[in-house]
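Chains, contacts and geometry: an overview
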Amino acid sequence: MHFRSCFRIAGPLLAVAALASTPQTLREAANASGILIGTAVRPYLLSEPAYSATLAHEFNMIEPEDALKWWTVRPTAESFDFKQGDEIVRFAEAHGIKVRGHCLVWDHNNPKWLAEGHFSPAQLSKLLQEHIATVMKHYAGHVFAWDVVNEGLDEKGTPRDSPWYNRPGIGLSDQGTAYIEQAFRWAHEADPKALLFYNEAEGDTLNRKSDAIYAMVRDFKNRGVPIDGVGMQLHLPRLDYDTGAVAANIERLTKLGLQVHITELDVALPVDSQGGARAEDLQRQADAYQRVVRACLQNSDCTAIQTWGFTDKYSWIGSHSHGAQGAALLFDRAYKPKPAYDAMLKALAAGRTSTH
Ligand code: XIL
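Residues numbered from 1 in each chain as written. Predicted model: local features only at pLDDT ≥ 70, side-chain atom pairs only at ≥ 80, totals over all residues. Heavy atoms only, no water.

With that settled, the discussion passes to the pairing of strand E3 (residues 98-105). In terms of burial, E3 is a largely internal element, seven of the eight residues being buried. Pairing of strand E2 (residues 61-64) with E3 involves two bridges; the strand directions are parallel. For methionine 61, the partnering residue across the bridge sits in E3 and is lysine 98. As paired strands, E3 and strand E4 (residues 143-150) are joined by five bridges and run parallel to one another. Residue pairing in the sheet places glycine 101 in a bridge with tryptophan 146 of E4. (Buried < 20%, exposed > 50% of the residue type's maximum accessible area, 1.4 Å probe, protein only. Helix = DSSP H or I, 4+ residues; strand = E, 2+ residues; numbered from the N terminus. Pairing = 2+ DSSP bridges.)

Attention now goes to the packing of aromatic side chains. Considering all chains together, one arrives at 13 aromatic pairs under this definition. A ring pair is formed by phenylalanine 82 and tyrosine 139, whose centres lie 5.5 Å apart and whose planes are at 90°; its orientation type is edge-to-face. Of the two residues, phenylalanine 82 is situated in the loop between helix H4 (70-73) and helix H5 (83-94) and tyrosine 139 in the loop between helix H7 (121-138) and E4; the sequence distance between them amounts to 57 residues. Take phenylalanine 82 and tyrosine 139: they sit in the same class, and that class is buried. (Phe/Tyr/Trp six-rings, centres within 6.5 Å; stacked < 30°, edge-to-face > 60°.)

Within the structure shown, the criterion is met by one disulfide. The partner cysteine of cysteine 296 in its disulfide is cysteine 302, sulfur to sulfur 2.1 Å. For the disulfide bridge between cysteine 296 and cysteine 302, the dihedral angle about the S-S bond is near -105°, and by the sign convention the bridge is left-handed. When sorted by exposure, cysteine 296 lands in the same class as cysteine 302, which is buried. (Disulfide = S-S within 2.5 Å.)

A word on the pattern of salt bridges. Applying the stated criterion to the full structure yields 18 salt bridges. Salt-bridge contacts for glutamate 200 lead to lysine 209; the nearest nitrogen and oxygen are separated by 3.3 Å. A relative accessible area of 3% means that lysine 209 is categorised as buried. Across the salt bridge formed by arginine 238 and aspartate 240, the nearest N and O atoms sit 3.1 Å from each other. Residues participating in the shared-partner salt-bridge network are Glu181, Arg185, Asp219 and Arg223. (Salt bridge = Lys/Arg side-chain N within 4 Å of Asp/Glu carboxyl O.)

A few words now on the nonpolar core. The biggest cluster of nonpolar side chains holds 104 residues, and the ones touching the most others in it are Trp146, Phe184, Ile305 and Leu348. The element best represented in this core is helix H8 (residues 178-190), accounting for eight residues. (Core = buried A, V, L, I, M, F, W, Y, C linked by side-chain atoms within 4.5 Å.)

As a further point, take the environment of phenylalanine 82. Judged by relative accessible area, phenylalanine 82 falls into the buried class, the value being 12%. Separated by 240 residues in sequence, phenylalanine 82 and histidine 322 have C-alpha atoms that sit 31 Å apart. Ignoring anything within four residues of it in the chain, the contact list for phenylalanine 82 reads Val73, Thr134, Val135, His138 and Tyr139. (Contact = heavy atoms within 4.5 Å.)

Now for the confidence of the model for the protein chain. Looking at the protein chain as a whole, its pLDDT mean stands at 94, while 94% of the residues score no less than 70. With pLDDT under 50 throughout, residues 1-9 is counted as low confidence; its partners more than four residues away or in other chains account for zero contacts. (pLDDT = per-residue confidence, 0-100.)

Spanning twelve residues, helix H10 (residues 243-254) covers 16 Å between terminal C-alpha atoms, matching the ideal 16 Å at 1.5 Å per step. When you tally the buried positions in H10, you get nine out of twelve residues, the bulk of the element. Within H10, the full set of buried residues consists of Thr243, Ala245, Val246, Ala247, Asn249, Ile250, Arg252, Leu253 and Thr254. Among the structural elements, helix H9 (208-222), strand E6 (229-232), strand E8 (259-267), helix H11 (279-297) and strand E10 (302-307) are those in contact with the buried residues of H10. A side-chain oxygen of the first residue of H10 lies 3.2 Å from the backbone nitrogen of glycine 244; this N-cap is aspartate 242. (Expected span 1.5 Å × (residues − 1). Polar contact = N/O pair within 3.5 Å; in protein donor to acceptor, adjacent residues only side chain to side chain.)

To continue, consider the environment of isoleucine 62. Locating isoleucine 62 in the fold gives a position in strand E2. On the basis of relative accessibility, which here comes to 0%, the residue isoleucine 62 falls in the buried class. Spatially, the C-alpha atoms of isoleucine 62 and phenylalanine 144 are 11 Å apart, while their sequence positions differ by 82 residues. When residues no more than four places from it in sequence are discounted, the contact partners of isoleucine 62 are Thr39, Val41, Leu55, Ile88, Phe91, Ala92, Ile97, Lys98, Val99, Arg100 and Gln306.

It is worth spelling out the site of the ligand at this point. Neighbouring the ligand are 14 residues; Glu65, Asp66, Lys69, His102 and Glu264 lie closest to it. Between lysine 69 and the ligand, the recorded distance is 2.8 Å, taken from a side-chain N or O atom to an oxygen atom. In the complex, the protein chains occlude 83% of the 420 Å² of accessible area that the ligand would expose alone. Judged by its atoms lying within 2 Å of the grid points, the ligand is housed in the largest pocket. Its residues placed into classes, the shell around the ligand shows four nonpolar, five polar and five charged. (Near = heavy atom within 4 Å. Areas by Shrake-Rupley, 256 points an atom, 1.4 Å probe, with all protein chains shown as cover. 1 Å grid on protein atoms, 1.4 Å probe; cavity = no way out; pocket = protein on both sides within 12 Å on 5 of 7 lines; lining within 4 Å. Sits in = over half its atoms within 2 Å of the grid points. Nonpolar A, V, L, I, M, F, W, Y, C, P; charged D, E, K, R; others polar.)

Counted as a void, the largest pocket has a volume near 730 Å³. Every residue lining the largest pocket is counted, 34 residues in all, and those nearest its centre are Glu151, Gln233, His235, Trp316 and His320. Among the secondary structure elements, those contributing two or more residues to the lining of the largest pocket are strand E7 (235-236), E8 and helix H12 (317-320). Looking at side-chain class alone, the lining of the largest pocket contains 13 nonpolar, nine polar and twelve charged residues. For the lining of the second largest pocket, the secondary structure elements donating two or more residues are H12 and strand E11 (325-326). Looking at the lining of the second largest pocket residue by residue, the classes come out as four nonpolar, six polar and three charged. (Points joined across faces, edges and corners; volume = space filled by probe spheres on them.)

The following block contains the structure:
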């Protein structure tokens, strides 16, 4: 009798204990697996309760989607505006969330005065060094990692035309990746403790661009250029994306002694005029998310997975695709978790599958 009642109590207790140890959020699962789970944020949405509550519950890292780009931070050549970035940092620090910085050097999202200005290489060099130093010092100790250079290479793997490279450039045009190297050296001087990343689009699988990224960062490592990692954007262009090739690419980069961050993951779907996607596509999307998470968790130097936004209510995919695509993220427009969320939670909760 005594034993039987013990068993009757122990059953439910065990069930409760098992429940308590099953992660209920992406953040809990990521903490347990020792990985950062992040998302891009827009500061003006932090006042929306569902937006900020979801962020605080689900993520242990955030990155300003646009708030630290030149077009926000540099209203004029002479001034810096850190209001939006500071708001994000304040929110993050109040919720024990790490902040990843994006981005210091890019040929896009620059203010008009810069994009359309007529500067000499010497002026641009001075502007860029000053920008990197001022922004990184302002956030030193608050932003743990930076995308120093974003999308520096084209699909052939050669440096992309940009004001910083060759239009007219900072004085290192026709010298391949020398301007990228210079930016990393300035960044390291500005905040020696920050992790410095090269971030790129469409260089996630094995292709000409990822081969060129690999060659560049191997050269940087060999010559002691301060670089800590490579960011793979992973705006997935197809549901059947070759995540095996992503894993192989992660493997070769980490063998150089670099970290990999997945920085801008989203999986765009065809949508109807209401923004709705087909049920079978939502399932295939869940599978794609899960495969990316697994590819990262396979390698202990793949240390962060970040999505480019988290609710379909606010995503760059709609405007980028002129409304043809959408529903790319983990939560629907009402902040309800989608199959992609469940799949990601399951994959994160399964933990790391290898320790190499
Ligand atoms: C996008 C933002 O999401 C948009 O809000 C903005 O209008 C344009 O830039 N690669 C990047 C990101 O590195 O900075 C881009 O973000 C998406 C593509």
